Amino acid sequence: MYKKPLNKNQMIENIERGGYLPQTIGFWVDPSVYGDRSGEVQILLDSYPSDAMWLVPALPGYWGSPFPDYPEYIWGGRIYSKGGAIDSQQLIADWDELDDFLEKFPKPSLKPITEAAIKTVSEDSTGRYRLCHFWYLFYERLWSFRGMENALGDLLLNKDKVHRLFQELCDFYIGIIERIHKETGCDGVYLTDDLGSQQDLMFSPEIFREMFLPYYKKIFDTCHKNSLHVWLHSCGNIEKILPDLIDVGVDVIHPIQKFAMNEEDIAKKYKGRICFMCGMDVQNVMPFGTPDDVRAEVNRLINIFKTNDGRIIFSMGNGVTSNIPVENLYALYDEVYRLRDN
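Residues numbered from 1 in each chain as written. Predicted model: local features only at pLDDT ≥ 70, side-chain atom pairs only at ≥ 80, totals over all residues. Heavy atoms only, no water.

(A) Region of the structure containing the sheet that holds strand β2 (residues 129-134). Strand order in the open sheet made by the seven strands is β1-β2-β3-β4-β5-β6-β7, with parallel pairing throughout. The open sheet has two edge strands with one neighbour each: β1 (52-55) and β7 (311-316). For this sheet, the mean inter-axis angle between neighbouring strands, taken without regard to orientation, is 25 degrees. Contacts between helix α1 (residues 8-17) and the sheet are confined to β1, β2, β4 (229-233), β5 (252-254), β6 (275-280) and β7, with β7 contributing the most and set at about 110 degrees to the helix. (Pairing = 2+ DSSP bridges. Helix = DSSP H or I, 4+ residues; strand = E, 2+ residues; numbered from the N terminus. Axes fitted to C-alpha atoms, helices over the stretch in contact; angles between N-to-C directions. Contact = heavy atoms within 4.5 Å.)

(B) Representation of the side chain of Arg78 within the structure. Looking at where Arg78 falls in the secondary structure, it is placed in the loop between β1 and α3 (98-103). Apart from residues no more than four positions distant in its own chain, Arg78 is found in contact with Tyr62, Leu91, Ile92, Glu97, Asp100 and Phe101.

(C) Structural detail: α1. Turning to α1, its buried residues number three or more, namely Met11, Ile12, Asn14 and Ile15. Angular distribution of buried residues about the axis of α1 spans 160 degrees; they occupy a single face of the element. Residues of α1 that are exposed and point over 90 degrees away from its buried face: Asn9 and Arg17. Here the buried face of α1 lies against β1, β2, β4, β5, β6 and β7. At the N-terminal end of α1, a side-chain oxygen is found 3.1 Å from the backbone nitrogen of Asn9, two or three residues along, and the residue is Asn7. (Buried < 20%, exposed > 50% of the residue type's maximum accessible area, 1.4 Å probe, protein only. Arc of directions from axis to C-beta. Polar contact = N/O pair within 3.5 Å; in protein donor to acceptor, adjacent residues only side chain to side chain.)

(D) Local environment of the packing of helix α2 (residues 38-47) against helix α13 (residues 326-341). Relative to each other, α2 and α13 sit at 10 degrees, their axes nearing to 11 Å. The angle between α2 and α13 falls in the class roughly parallel. Together, Glu40, Val41, Leu44 and Leu45 of α2 and Val326, Leu329, Tyr330 and Tyr333 of α13 make up the contact between the two elements. Its residues placed into classes, the contact of α2 with α13 shows seven nonpolar, no polar and one charged. (Parallel < 35°, antiparallel > 145°, perpendicular 65-115°, else oblique. Nonpolar A, V, L, I, M, F, W, Y, C, P; charged D, E, K, R; others polar.)

(E) Here's a closer look at the pattern of salt bridges. Under the defined criterion, the tally for this structure stands at 30 salt bridges. Between Asp160 and Lys161 there is a salt bridge, with the nearest N and O atoms lying 3.7 Å from each other. Residue classification places Asp160 among the partly exposed positions, given a relative accessible area of 49%. Arg179 serves as the salt-bridge partner of Glu183, at 3.0 Å between the closest nitrogen and oxygen. (Salt bridge = Lys/Arg side-chain N within 4 Å of Asp/Glu carboxyl O.)

(F) The packing of helix α10 (residues 263-270) against helix α12 (residues 291-305), seen in detail. Contact geometry for α10 and α12: axes closest at 9 Å, N-to-C directions at 25 degrees. Relative to α12, the element α10 is oriented roughly parallel. Here Glu263, Glu264 and Ala267 of α10 lie close against α12, whose contacting residues are Arg300, Leu301, Ile304 and Phe305.

(G) Molecular detail of the packing of aromatic side chains. Taken as a whole, this structure holds 37 aromatic pairs when the rule is applied. On the basis of an interplanar angle of 20 degrees and a centroid distance of 3.9 Å, the ring pair of Phe27 and Trp54 is categorised as stacked. One end of the pair, Phe27, is in the loop between α1 and α2; the other, Trp54, is in strand β1, and 27 residues separate them in sequence. For Phe27, a relative accessible area of 22% gives the class partly exposed. Seen from the ring of Phe259, Lys258 lies directly overhead, with NZ or CZ sitting 5.4 Å from the centre. (Phe/Tyr/Trp six-rings, centres within 6.5 Å; stacked < 30°, edge-to-face > 60°. Lys NZ or Arg CZ within 6 Å of the ring centre and 35° of its normal.)

Written as structure tokens, this is what we have:
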């Protein structure tokens with residue numbers, strides 16, 4: 001049975017005041033991981049379309065440009081050329097290379113960047129909320145340029161270089177956001193920066209406030225100036241900086257990761273100040289629980305985050321893997337919509 005998605009105005013009202021139960025589950029579900037059952041999963045996603053339309057601008061590549069006619073559209077004119085773990089590869093092996101890297105930095109004005117997003121809008125007739133999305137903001141981009149070990153050291157030892165890089169990134173991101181807003185009429189921007197581990201932040205709150213927060217604020221201010229909501233994904237335990245993120249303008253936070261943060265405590269402290277895009281547990285309940293366990297967890301999360309005027313968008317905590325039974329996906333959608341329809 002096809003479920004009609006919420007419209008743009010309903011989503012805006014929910015983010016700002018609550019009252020609905022939107023879902024963005026399908027964003028995290030790739031049917032291809034299910035092999036022979038991929039068609040069945042695709043039918044499920046088509047039957048329960050996300051309440052946000054995801055618009056993805058094309059960002060520069062690491063292994064080459066996404067556009068054959070524009071091979072220069074890569075980060076700093078460089079590509080990954082060696083193997084190994086992605087968090088050990090480097091585009092900037094030495095900070096002496098920074099001037100050259102910034103001189104060849106990509107521009108947000110390249111024509112094809114927004115073509116796929118414009119096409120998505122032109123083909124959609126649902127009247128849904130339009131959400132611009134791209135991966136990696138500042139911390140994730142820093143370690144992808146410098147390698148994880150170097151990046152963590154740079155936050156203490158090479159602060160001036162990091163600030164120069166972050167300002168260039170900030171200008172680029174703002175250019176992308178302003179363009180896609182103008183060309184698609186999007187309503188929000190979904191950004192990602194995994195700032196936490198399972199136990200704590202990847203660095204101290206003081207480092208975050210000194211090195212990252214000023215650039216977050218510039219981007220979030222640009223979004224709000226254009227009447228765009230700010231959605232932020234950050235895995236891990238980010239409780240120590242959640243007040244900072246709220247203060248600089250995050251409107252929707254994802255996922256409040258189970259086993260990393262205490263959902264009850266977070267809801268008690270911040271309900272009414274932010275909309276929670278609460279993430280269904282993909283580490284335990286979804287892969288190893290029964291359909292009844294899935295239904296119970298859906299009810300638990302909604303009771304935590306939505307009651308007493310809480311604002312909630314229901315989603316997955318992260319990407320769905322092949323060890324999550326299709327039957328559990330059915331149970332998840334069915335329970336969310338049973339509660340939504342009531």
